[in-house]
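Coordinate analysis (summary)
The residues making up each chain are set out below.
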Amino acid sequence: MTTQPYRLARGGRIDRAKRLRFSFNDRAYEGYRGDTLASALLANGVVLVGRGFKYHRPRGIMTAGSEEPNAIVQLGVGDRTEPNIRATQVELYDGLSAASINCWPSVEFDLGAVNGMMSRLFPAGFYYKTFMWPPSFWMKYEYFIRRMAGLGKAPDAPDPDRYDKTFAHCDVLVVGAGPAGLAAALAAGRAGARVILADEQAEPGGSLLASGETINGQPAAEWIAAALAELASMPDARVLARTTAFSYGDHNYVQMVERVADHLPPASSPGPRQRLWRVRAGQVVLAAGAIERPLVFADNDRPGIMLASAAATYVRRYAAAPGRRVLVFANNDGAYRDALALLDAGIGISAIVDPRPDPGAAIVAEIRRRGIEVLAGHVVAGTKGHGRVESAQVMKLDGDKVAGAARSIGCDAIAMSGGWNPTVHLFSQSGGKLRFDAARATFLPGAPVQAIRVAGAANGATSLQDCLREGHAAGAASAADAGAAGKAGDAPQAEPATPDEPAMPIWIVPSVKPVGEGGKHFIDHQNDVTAADLQLAVREGYSSVEHLKRYTTMGMGTDQGKTSNVNALALLAVTLGHEVGAVGTTTFRPPYTPVTVGAFAGHDQGDLLDPVRKTPLHGWHEIMGAPFENVGQWRRAWYYPKPGEDMHAAVGREAKAVRTGVGIVDASTLGKIDIQGPDAVELLNWVYTNAWNKLEIGRCRYGLMLGEDGMVMDDGVTTRLGENHYLMTTTTGNAARVLGWLENWLQCEWPHMRVYCTSVTEQWATVALNGPLARRLLAELTTDIELDPAKFPFLSFREGRVAAIPARIYRISFTGELSYEINVAPSHAVALWQALMAAGEKYAIVPYGTETMHVLRAEKGYIIVGQETDGTVTPHDLGMDWIVSKAKKDFIGKRSLARADTSRPDRKHLMGLLAENPSEVLPEGGQVVAEVKDRPPMAMIGHVTSSYFSPNAGRSIAMALIKNGRNRMGETVHVPAGERVIRATVTEPKFFDPEGKRLDG
Amino acid sequence: MLLIPCPYCGPREEVEFACGGEAHIARPANSDRLSDAQWSDYLFMRKNPKGVHYERWNHARGCRRWFNVARDTVTHRIYAVYKMGEAPPSVTP
Amino acid sequence: MKSRYSIFSLARNALHYHRDWDQAWRSPEPKAQYDVVIVGAGGHGLATAYYLAKEHGITNVAVLEKGWLGGGNTGRNTTVVRSNYLWDESAHLYEHSLKLWEGLSQDLNFNLMFSQRGLLALAHNQHELRELSRRVNAIRLNGIDSELMTVEQVKAFCPILDCSPGKRHPILGASLQRRGGTARHDAVAWGFARAADARGIDIIQNCEVTGFRMASGRVEGVETSRGFIGAGKVGVVVAGHASVLAGMAGLRLPIESHPLQALVTEPVKPVLHTVVMSSAVHVYVSQSDKGELVMGAGIDGYNSYAQRGSEPVVENLLNALIELFPIFSRLKLMRQWGGIVDVCPDASPIIGKTPVAGLYFNCGWGTGGFKATPGSGWVFAHTIAQDRPHRLNEAFTLERFGHGYLVDEHGAAGVAH
C-alpha cells in the first residue's frame, strides 16, 4: 500500500476519516470518501492511466468531469465489469478495482506503441487507401484491425444488476445544479412550480464545489447547503444527484439516467443500479455549465497536461495536487484564478504562458505580485517527457508562427485553457440552433424552439454574479410560464467580479516545424485525431463539417468530442479561410454522455420482455406435460405426449382418436368480438366477402376478411346471437388487429353506423369436442340442450348448461368431424374440462394440441390465415370463390380483386401435393419447381404451405400455393429438399372425407 | 416522444397511440367504375407532405377513439387535434 | 487521372507528410447543360452517375446535392449488406448488387471495408421457422447462398447469443447468408464520388433542386438554388424526400416518409463476429470495425422529415438486444440518430420511368436501401441510358400499384413495419 504523496494536507470535500482501498492495474492504493478514481490516482501520483487509441502514446487525466477523453478505464471484473469508464466520473468506493485499456502487456510498456513510431503511415483515413489487395485478404486485415480497435472489453456473463424506469412530470426541469441551476430551482420552487433539479455529479453545486467565492455573504459551500435545505422544504421539489439529463426530445420530453448505486461497492445495495427517468417537463432551464477548451499545441497529450479548471478542481475539491511544478498555458484570465488556487494550496507554478501580448487584468497583476513569471506573447511550442510531461518548450509568438529560441521550462504538469464552450448539447437536441459569438469565441444558444431557457455558463455567462442572475431569472420566468403564480424572491448575490480582459482565440498553436511534421497537435485525444489529420482531410476535399468528422473520426469517440469539436470546427474554418462559425456545427446527438443499455431496458427483460397470455386451462396442460408453442403472445398446448412418445407418435395417436372417438382441445385463444347494434349486419357485409343479411338468429357463418388490397387478412365464424347481436371469432394472432380494423372503419368511414364492438376473447374459455362420439359424450352432461342434428344443426348455436355450467355451444368444426365448441366463463373452464374428461373416459377421450389441430384441418383442406396466406393471396387463389359474393355491390377489398394482376387466371392457387412416396413428408416451406436442373438457379412455381403425415389418410399430405395450379391437376412437380428432390403430384387440397359427410357424426 | 392531446382524454404520451396515416381519404363510392389507376390512387398514393400533415391517430391504449391531428412533419409540432367528421382547420406554420 | 490508392502510394506520400494527395473530388461550378442530371448525391445517386460513365459512356453528368454528399441515409444506416430476399424479382436485384459489392473496393480503388462476416436471421417460433425455411429454399433455388441452422448450430456460430430454451422468445433456428455482412457506409459515398469524379462527372454540393422545367411532357432541366441547370434526362434518387421532389414534377407516389432510428454503443473489443437479425424480438445488430455495436429496429409509426424518432423505439430495441445478448447489458449507448426512410406499400422500391419523358425516379427503398447501393445505381443508370428498365428492375415500376403486381417483401425487411 502506497501513501498518497500528492494529497494536499488540508482542504477538499473529502472525508479523510473514511479511507478507501482500491486497485489500479493490480496495484493497491488508498483514497478517501469523496474522491473520484481520477482524484485518488492523482493523489497517489499516478498520472499515466492509459494509452492512446491509435498511436498508443501514454495518456493521463485531462479533465475533472464527464468530458474526459483520455482517462478511460475498465472498471471491476467478472459479470460486473464495465468497459470505457471515465475515471473522472467514478466515485471511489472500498474495494474498487480498475485497469487501463488499449495497452498490452502493460500501460507502462505497451507493444502497441510501435504504431506511434510508424504513425506517418497512418494519417486520417489511411485505411480507405490500402488493404485492398489481394481482394480476398480484407477479412484477414480486418481481423487485426478489429483487434486493435475497441477500447475496453464486454462482460462475458449476464448482468446481475437490476435497472429501473420511471415517468415523471414537472412544471420546471432544471438541468445542472451549479450556481445558475440552483438559483433557477429556488426561484421556480418559491413561485410554486413543481421542480425537478438534476445534476450529473455526486453532489449538487457544480463549479461552486471548487470555488472560493461567496454568495449572499456566505462561503459557496454554505450557500449550497442552505439552497438544498430550502428546496428540501418545498412540497414539490425534487433534487436528483448523480443524474444526467442525456436527451431532449419532442414536446419537452427529457430522458435522464440516475446512477443510484454505482458509487457503492457492487452488490451492496438492494435497489436498482440505475434508473431511467422519462420526464415530461412543462419548461426546461438548461444550466449545464461550460466545458473548458484545450489548447492545440504540439504534443499536448502527455500525462500531466490537463485543463486549468480541472487542475484547480483537483486542488480545491479533492485536495489532490496535479503536480508540484505546474506550468500554466492559457489565453484568458480565468486560468490565472486557477493558478492562484494552486498557489494558495502550496503548489509551485513554474510560469504562466499567455499568447496575449499584454494581459493586464488585475488578476494578472496579482499573479505577478506573487512572484510568478508571466510570459506574455508566448506559447508552448512543444513538450517533452516520458510517461509524464517534464518540460515545455516556450517560444515567442509572432503572428501565426513562433520566433526566437525555445526556452525549456521544467514542469510536471501543464494547466491549459483555450477558453470555454457552453454545454449546449441539450439545447441543440431540442431543435435550437447555435450561433457563433465572435467576441467570446464560442458557440452560444440561439432562439429556442421548445419551452427551454438557457442560463449561466451554458449561456456564455462567465462571472458567478451573472450565472446567479440568469439562473434566477430563467427559473422565475419558467415558473410563470408554467402557471405558477407565487413570488420567486430575490436573486442570490455574489461579490462583484473584476472584469476580465478578452481572451485571445488561438485555434492552433504553432511550433517550429509545420503542423504535422514535428510533434502531434492533438485535437481529439480519444480518437487520436491531430490538426494535421484535419488539414489532410480538408486538402482531400472532406471539407464540410460532417465529412471532416467522419473522415477523421474526430468527435466520434465515447466523449463525443466535448473537448475537441469546437477546436476542430475553428481549425477547419481557419484552414478554409472562413470565419469561425461559418462552417456550421456537427449535430449534437443523444445521449449527452453514454448510458447503460440495461437502464433503457429496465425491468422489461426476460419474462417481462413481452406479456405471456395463458388460457384458463394452462395449468391443466402443464400437469399433462404438454409442450407449448408461442402463437402471438399466447402459449398454446402443442401436443400431449404419453411416456415414450415423441411428437410424431403423439400427434398420430391424437389425430386418429379424434376421427374414431372424441378429442378435446383448448381453443380459448381464438379472438372473440362482441358486435351489437342495429347496423351490425351492415358492418359484417362490408368487412366480409360474403353476404350476411339472411343469417338467422342462432345460426353461424364462416367469413373471409380482406384488406382493401383484396388480400386475405383474417377468417373466422360469426354467430348471430340476437336481433342486433353478433359474436365474431378471429384467428388467435389477429384478434387485436381485427378489432382495430373494425373500429377504424366504424369511426373514420362509417360514423353513422350504430354498432359497438367489444373484445370478449378473455371473457370466454372455449373447449371444443370433436369426433363421432362427441354428441354422446355431450349428451351425458347436458339436459337443457337438444343435441339431435335436426334440432341443433351444423352452423348453429345454443345456450344451456354443460355439467351444470352456463355455456354457449357452437356447432362449428375445424376438423370436419361432428364438433361442439363449448364456451364458458373462464372461471368455469377447468371444471368443464374435468367434467368432460371424466365423462369421456369411457369413450377414450383424448386431449389434443395445436399440432393435431393443424393436421386435422389440413386433412380437410382448411386454411390457416398466415400459413396458407402471406398477404399476397386472394380468395380466388385459395379456391374460395364460393365465399365471395357476386351480389354485393361493394365490400372491403372487392375492387382490388378486379385489378389486372389480381384477376389473372394463372396466379398461384392453393393445391394439394402428394409425395410419390406416401411415407415421405414434404418440407414445409419447400419450394416447388416444375423442372429440375442439375444446380440452381431453378424456376420456382410455388411453395409448400402446410405438410404433415396424416394418420387418417394413411400417408403424407401437403398443401401448396402453385402457379396456375388448377391447370396442373395431376402433374408431377418437384420439391428440392436439401440435397434431394422429392417428386409429388398436384391434387385437390382435400385428403379426407372430401364430401364432408362426417359433420353430423 | 410526442405528447398528443387526445380530444377525449387530454394530453397523453405517444406510446398510448397508433398513427393511422393521412386523414381525409374518403373511400370512393363507386369503386367499380374506377380505373385501376384511379383505384390505386385511393389505395396507395399519399401526399406525404414536408410540413403540415393532416393525419389520423387512434388512442389505441386509451379510449380507443380515432381522431385527426394537424402536425408538422419537420418540427413535430402539433397545431390542432379535431374529431372525426370535423373539417380540417387551416394551419399556418 | 487521379493517383491510385495503395500501400505504396501511402508510403510515398508519408515521405512528404501527406501534403501531395489529390482532392477526392472536385467542387465544380455547375455547367448550363448536362446530358444527365442526377438529383441526390447519396450512395445510389453517385453509383448511378458512376455506372452511367462506366457502363454507358455517358460522362456529361452532374450529381446535384442539397447538402453534403452522402449526408442522407447513406451516412445514417446500419451498413448491412445481404441478398436473402424471398421473391425472384428482389432476389435477382439484390444479388446483382451483392455481386457488385464483392469487387467494389477494387473497382473504385477505395476500401469500402466490405466485410462478408455472415448474416444470421433468427426464428423464435414455429411460424417463423416455416417462413425461414420457405425463404432459404427460395434463395438457394435462385442460386444465392443461404442455409438453415438448428439452434445448436446457431449457438456454435455465435456463442454469445442466449440460446437457452426457456426464454420468452427462445431461438429455435436461423438462416445464415455467409456472403452477407457490412460495409463502411461513408466510404461507399466517397468511393463512388471519387470514382465518378475521376470519370469527369460533376458533383455539385450545396445545390438544392427547387423545381423541374418541363415542356410538352418532357423534362428540360432543373431549377436549383444555384440557378437553372439544363438536362436531357433527370434521374431523381433522393431517399427521404422522394415525395417532395415528385410533387415538384406533379407526380404522386405511394410513399410515406418515416423516421428510422439507429444507434451505436461505446466500442469494445471484438465480441460479435456476424450480423444478427431478429424480427420477433425486433433488432438487428453488428459490431463495427471500431468496436461499436451498431443497431437498428423498425420504423417509427408516423410520417416525419425530422431525422429523429421517438425514444420508446430505442428502449424497445435495447430490450430486444439484451434478450438476445444478455452480456451487452452493461455496455453503454453512445450515439443515436435517425434517418428518413421512404416506405412503399409492398416494401420494395420504385426504379423506373415516370409519366414525364426523360424523368426517372429511384425511390421507396424503405429500410433496406444501403445494401442495394451499387445494384440500384447500376440498373438506374441502365434505365436512364436506354430509356427503358433493365430486366432486373422491370418489375419495380410505379405502374405496379395500379395493376397490382406488387413485390411484397415485408417479411424480408427482417423487422415488421
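Here's the deal with the overall build of chain B
Looking only at helices and strands, chain B has 1 helix and 6 strands in total. In sequence order, chain B lays out its α and β elements as β-β-β-α-β-β-β. Seen through its principal axes, chain B has C-alpha atoms that stretch 45 × 30 × 20 Å. Across chain B, the fraction of contacts at a sequence separation of at least 24, relative to all contacts at a separation of at least 6, is 47%. Summing over all exposed atoms, chain B offers an accessible surface of approximately 4200 Å²; the carbon and sulfur share of this is 50%.

Description of the pairing of strand S23 (residues 401–410) of chain A
Residue and element names in this part refer to chain A. Relative to S23, strand S22 (residues 391–398) runs antiparallel, the two sharing 7 bridges. Pairing of leucine 397 across the sheet is with valine 402, part of S23. Adjacent in sequence and paired antiparallel, S22 and S23 are bridged by 2 residues, among which glycine 399 carries a positive phi angle near 65°.

Section: a nonpolar patch on the surface
Taken together, the side chains of Trp104, Phe109 and Leu111 of chain A present a nonpolar region at the surface, about 390 Å² in accessible area. Among the secondary structure elements, leucine 111 of chain A is positioned in the loop between strand S7 (96–100) and helix H2 (114–117).

Topic: the interface of chain B and chain A
Facing the 27 residues of chain B at the interface are 27 residues of chain A. Where chain B abuts chain A, roughly 2200 Å² becomes buried across the two surfaces, and 44% of that area is made up of carbon and sulfur atoms. Linking chain B with chain A are 5 salt bridges. The greatest single-element share of the side of chain B that touches chain A, amounting to 4 residues, is contributed by helix H1 (residues 36–43) of chain B. Here the side of chain B that touches chain A is composed, by residue class, of 14 nonpolar, 5 polar and 8 charged.

Considerations on the packing of helix H11 (residues 531–539) of chain A against helix H13 (residues 565–576) of chain A
Residues and elements named next belong to chain A. It is the contact of H11 with H13, at a shortest axis distance of 10 Å, that shows an interaxial angle of 50°. Classified by the interaxial angle, the pair formed by H11 and H13 is oblique. The interaxial crossing formed by H11 with H13 has right-handed handedness. Mapping the contact onto sequence places Ala531, Leu534, Gln535 and Val538 in H11 and Ala568, Leu571, Leu572, Thr575 and Leu576 in H13. In the contact of H11 with H13, the residues fall into 7 nonpolar, 2 polar and no charged.

Digging into the pattern of salt bridges
All names here are of chain C. Scanning the model with the defined rule gives 94 salt bridges over all chains in all. Lysine 54 serves as the salt-bridge partner of aspartate 107, at 3.3 Å between the closest nitrogen and oxygen. Of this pair, aspartate 107 sits in helix H4 (residues 104–108) while lysine 54 is found in helix H2 (residues 43–56), placing the two residues 53 residues apart along the sequence. For lysine 54, a relative accessible area of 33% translates into the label partly exposed.

Some thoughts on the pairing of strand S6 (residues 173–177) of chain C
All names here are of chain C. The element S6 is largely enclosed, with a buried count of 5 among its 5 residues. Residues Gly173, Ser175 and Gln177 point to one face of S6 and Ala174 and Leu176 to the other, with burial holding for every one of them. As defined by bridge partners, strand S4 (residues 119–123) adjoins S6 across 5 bridges and the pair is classed as antiparallel. Residue pairing for S6: alanine 121 is matched across the bridge by serine 175. When strand S5 (residues 147–150) meets S6, the two strands line up antiparallel, connected through 4 bridges. What sits directly across from glutamate 147, in S6, is leucine 176.

Here's the deal with the interface of chain A and chain C
Listed by partner, the interface residues are 120 residues for chain A and 96 residues for chain C. Of the roughly 9400 Å² buried between chain A and chain C, counting both surfaces, carbon and sulfur atoms make up 53%. Considering only the side of chain A, the residues that lose the most area to chain C are Arg120, Tyr128 and Arg146 of chain A, jointly responsible for 8% of the buried surface there. Joining chain A to chain C, the criterion identifies 13 salt bridges. Among the salt bridges present, the one from aspartate 610 of chain A reaches arginine 168 of chain C, with a minimum N-O distance of 3.6 Å. Linking chain A with chain C are 60 residue pairs in polar contact (both at pLDDT 80 or more), by the criterion used here. With 7 residues, the single largest contributor to the side of chain A that touches chain C is helix H3 (residues 138–148) of chain A. In the side of chain A that touches chain C, the residues fall into 51 nonpolar, 34 polar and 35 charged. Two elements, strand S31 (residues 595–596) of chain A and strand S16 (residues 332–343) of chain C, share 2 bridges in a ladder whose sense is antiparallel.

Concerning the packing of H2 of chain C against helix H7 (residues 185–198) of chain C
All names here are of chain C. Between H2 and H7, the shortest axis-to-axis distance is 9 Å and the interhelical angle comes to 30°. For the element pair H2 / H7, the angle class is roughly parallel. Helix-helix and strand crossings are classified by hand; for H2 and H7 the assignment is left-handed. Where H2 abuts H7, its residues Gly43, Leu46, Ala47, Tyr50 and Tyr51 lie against Ala189, Phe192, Ala193, Ala195 and Ala196.

Description of the confidence of the model for chain C
Residues and elements named next belong to chain C. Put simply, chain C has an average pLDDT of 95, and 98% of its residues get 70 or more. Segment residues 413–417 is flagged for pLDDT under 50; beyond a separation of four residues in sequence, or across chains, it makes 19 contacts in the model. The ipTM value of the predicted complex is 0.98, and its pTM value is 0.96.

Some thoughts on helix H19 (residues 774–781) of chain A
Residues and elements named next belong to chain A. All of the buried residues in H19 are Ala774, Leu777, Leu778 and Leu781. Down the axis, H19 shows its buried residues gathered within 95° of arc, on one side only. Of the surrounding secondary structure, the elements contacted by the buried residues of H19 are strand S40 (765–770), strand S41 (797–802), strand S42 (805–810), strand S43 (819–824) and helix H20 (829–840).

Side note on the sheet that holds strand S4 (residues 52–58) of chain B
In space, the 4 strands of this open sheet follow the order S3-S4-S5-S6 (chain B), with antiparallel pairing throughout. Each edge of the open sheet is held by one strand with a lone partner, namely strand S3 (18–22) and strand S6 (78–83) of chain B. Ignoring which end each strand starts from, the neighbouring axes of this sheet average 30° apart. Contacts from helix H18 (residues 735–749) of chain A reach S4 and strand S5 (66–72) of chain B, with the element oriented near 75° to S5 of chain B.

A closer look at the nonpolar core
Residues Leu46, Tyr51, Leu69, Trp101, Phe110, Trp190 and Phe192 of chain C are the most contacted members of the largest nonpolar core, which totals 100 residues. Among the elements that take part in this core, H7 of chain C stands out by supplying 8 residues, more than any other. Counting contributing residues, this core receives three or more from each of domain 2 (506–579) and domain 5 (905–1001) of chain A. The residues contacting phenylalanine 110 of chain C, other than those within four sequence positions of it, are Tyr128, Met132 and Tyr542 of chain A together with Tyr5, Ser105, Ala187, Trp190, Gly191 and Arg194 of chain C. Judged by nonpolar contacts, the second largest core, of 86 residues, contains Val49, Ala87, Ala320 and Val509 of chain A.

Notes on the environment of leucine 3 of chain B
Note on placement: leucine 3 of chain B falls in strand S1 (residues 3–6). Classification of leucine 3 of chain B by relative accessible area gives partly exposed; the value is 28%. Measuring from C-alpha to C-alpha, the distance between leucine 3 of chain B and isoleucine 78 of chain B comes to 8.8 Å, with 75 residues separating the pair along the chain. When near neighbours in sequence (up to four residues on either side) are disregarded, leucine 3 of chain B contacts His251 and Arg280 of chain A together with Pro11, Arg12, Glu13 and Ile78 of chain B.

Quick notes on the packing of aromatic side chains
Applying the stated criterion across every chain yields a total of 47 aromatic pairs over all chains. Between the aromatic rings of phenylalanine 126 of chain A and phenylalanine 131 of chain A, the centroid separation amounts to 6.2 Å while the plane-to-plane angle is 70°, which identifies the pairing as edge-to-face. Overall, phenylalanine 131 of chain A belongs to the partly exposed group, its relative accessible area being 21%. Geometrically, the ring pair formed by tyrosine 542 of chain A and tyrosine 551 of chain A is stacked, given 3.7 Å between the ring centres and 5° between the ring planes. A residue is classified by how much of its surface remains accessible, and tyrosine 542 of chain A, at 0% relative accessible area, is buried. According to the relative accessible area criterion, tyrosine 551 of chain A is buried, its value standing at 1%. The ring of tyrosine 5 of chain C carries the charged tip of lysine 129 of chain A above its face, separated from the ring centre by 5.3 Å.

Let's talk about helix H21 (residues 850–860) of chain A
Residues and elements named next belong to chain A. For H21, the tally of buried residues reaches 11 of 11 residues, placing the bulk of the element in the interior. For H21, the set of buried residues is Thr850, Glu851, Thr852, Met853, His854, Val855, Leu856, Arg857, Ala858, Glu859 and Lys860. The inward-facing, buried residues of H21 abut strand S32 (628–631), strand S33 (634–637), helix H16 (647–660), strand S47 (940–950) and strand S48 (955–963). Once H21 ends, the next one or two residues include glycine 861, with phi positive near 80°.

What counts and how
Residues numbered from 1 in each chain as written. Chains lettered and ligands numbered in written order. Predicted model: local features only at pLDDT ≥ 70, side-chain atom pairs only at ≥ 80, totals over all residues. Heavy atoms only, no water. Helix = DSSP H or I, 4+ residues; strand = E, 2+ residues; numbered from the N terminus. Contact = heavy atoms within 4.5 Å. Areas by Shrake-Rupley, 256 points an atom, 1.4 Å probe, with all protein chains shown as cover. Pairing = 2+ DSSP bridges. Patch = residues over 30% accessible without salt bridge, like charges linked within 9 Å, V, L, I, M, F, W, Y side chains within 5 Å. Salt bridge = Lys/Arg side-chain N within 4 Å of Asp/Glu carboxyl O. Buried area = accessible area lost by both parts, 1.4 Å probe. Nonpolar A, V, L, I, M, F, W, Y, C, P; charged D, E, K, R; others polar. Axes fitted to C-alpha atoms, helices over the stretch in contact; angles between N-to-C directions. Parallel < 35°, antiparallel > 145°, perpendicular 65-115°, else oblique. Left-handed = near helix turned anticlockwise from the far one by under 90°. Buried < 20%, exposed > 50% of the residue type's maximum accessible area, 1.4 Å probe, protein only. Polar contact = N/O pair within 3.5 Å; in protein donor to acceptor, adjacent residues only side chain to side chain. pLDDT = per-residue confidence, 0-100. Arc of directions from axis to C-beta. Core = buried A, V, L, I, M, F, W, Y, C linked by side-chain atoms within 4.5 Å. Domains from an automatic or database assignment. Phe/Tyr/Trp six-rings, centres within 6.5 Å; stacked < 30°, edge-to-face > 60°. Lys NZ or Arg CZ within 6 Å of the ring centre and 35° of its normal.

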